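Letter by letter, the chains look like this.
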Amino acid sequence: MAEVFDAVSRREGVFFLHNAAGFVDEHKASGKRLDLLSIVQKMKDTVTFHIVGSEKDQFEPRQVKLAKERLSKYGVDIRVILADI
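Residues numbered from 1 in each chain as written. Predicted model: local features only at pLDDT ≥ 70, side-chain atom pairs only at ≥ 80, totals over all residues. Heavy atoms only, no water.

Enquirer: Even after reading the chapter, I still don't get a nonpolar patch on the surface, so can you show me in this structure?
Expert: Together, M1, V4, F5, V8, V14, F16 and L17 line one region of the surface with nonpolar side chains, adding up to about 750 Å² of accessible area. Those elements that place two or more of their residues in the nonpolar patch are helix 1 (2-8) and helix 2 (13-20). Inspection of the secondary structure puts F5 in helix 1. Of the residues examined, F5 reaches a relative accessible area of 55% and is grouped as exposed. (Patch = residues over 30% accessible without salt bridge, like charges linked within 9 Å, V, L, I, M, F, W, Y side chains within 5 Å. Areas by Shrake-Rupley, 256 points an atom, 1.4 Å probe, with all protein chains shown as cover. Salt bridge = Lys/Arg side-chain N within 4 Å of Asp/Glu carboxyl O. Helix = DSSP H or I, 4+ residues; strand = E, 2+ residues; numbered from the N terminus. Buried < 20%, exposed > 50% of the residue type's maximum accessible area, 1.4 Å probe, protein only.)

Enquirer: I would appreciate a short explanation of the environment of K65 in the present structure.
Expert: With respect to the helices, strands and loops of the structure, K65 is situated in helix 5 (residues 60-71). Classification of K65 as exposed rests on a relative accessible area of 53%. In the structure, K65 is positioned 48 residues away from L17 in sequence and 27 Å away in space, judged by C-alpha atoms.

Enquirer: Help me understand the pattern of salt bridges in this model?
Expert: Here the idea is simple: oppositely charged side chains can pair when their charged atoms come close. In total, this model carries 4 salt bridges according to the counting rule given. Here K44 makes a salt bridge to D45, at a shortest N to O gap of 3.9 Å. D45 sits in the exposed class, given a relative accessible area of 70%. The residue D77 makes a salt bridge to R79 at a minimum N-O spacing of 2.8 Å. Taking the relative accessible area as the measure of exposure, D77 reaches 24% and is therefore partly exposed.

In structure tokens, the structure reads:
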């Protein structure tokens, strides 16, 4: 446990955990406002959108696939970084 606490408390990790704990509730409460599809639809003529994901992240490949399905027709630049880290 001491090793876990030591690792988490580096680089403001405990502060991050505290702030991240409210993410799900915030996302549920603000889901419509945070919906990228509606933002792209409204602003596609005035803003250039780029989405970048990493193949190393366990969630991003799925999110990038969904973004491509929903946003490609609006000209959104969507890329996956293939990094050997």
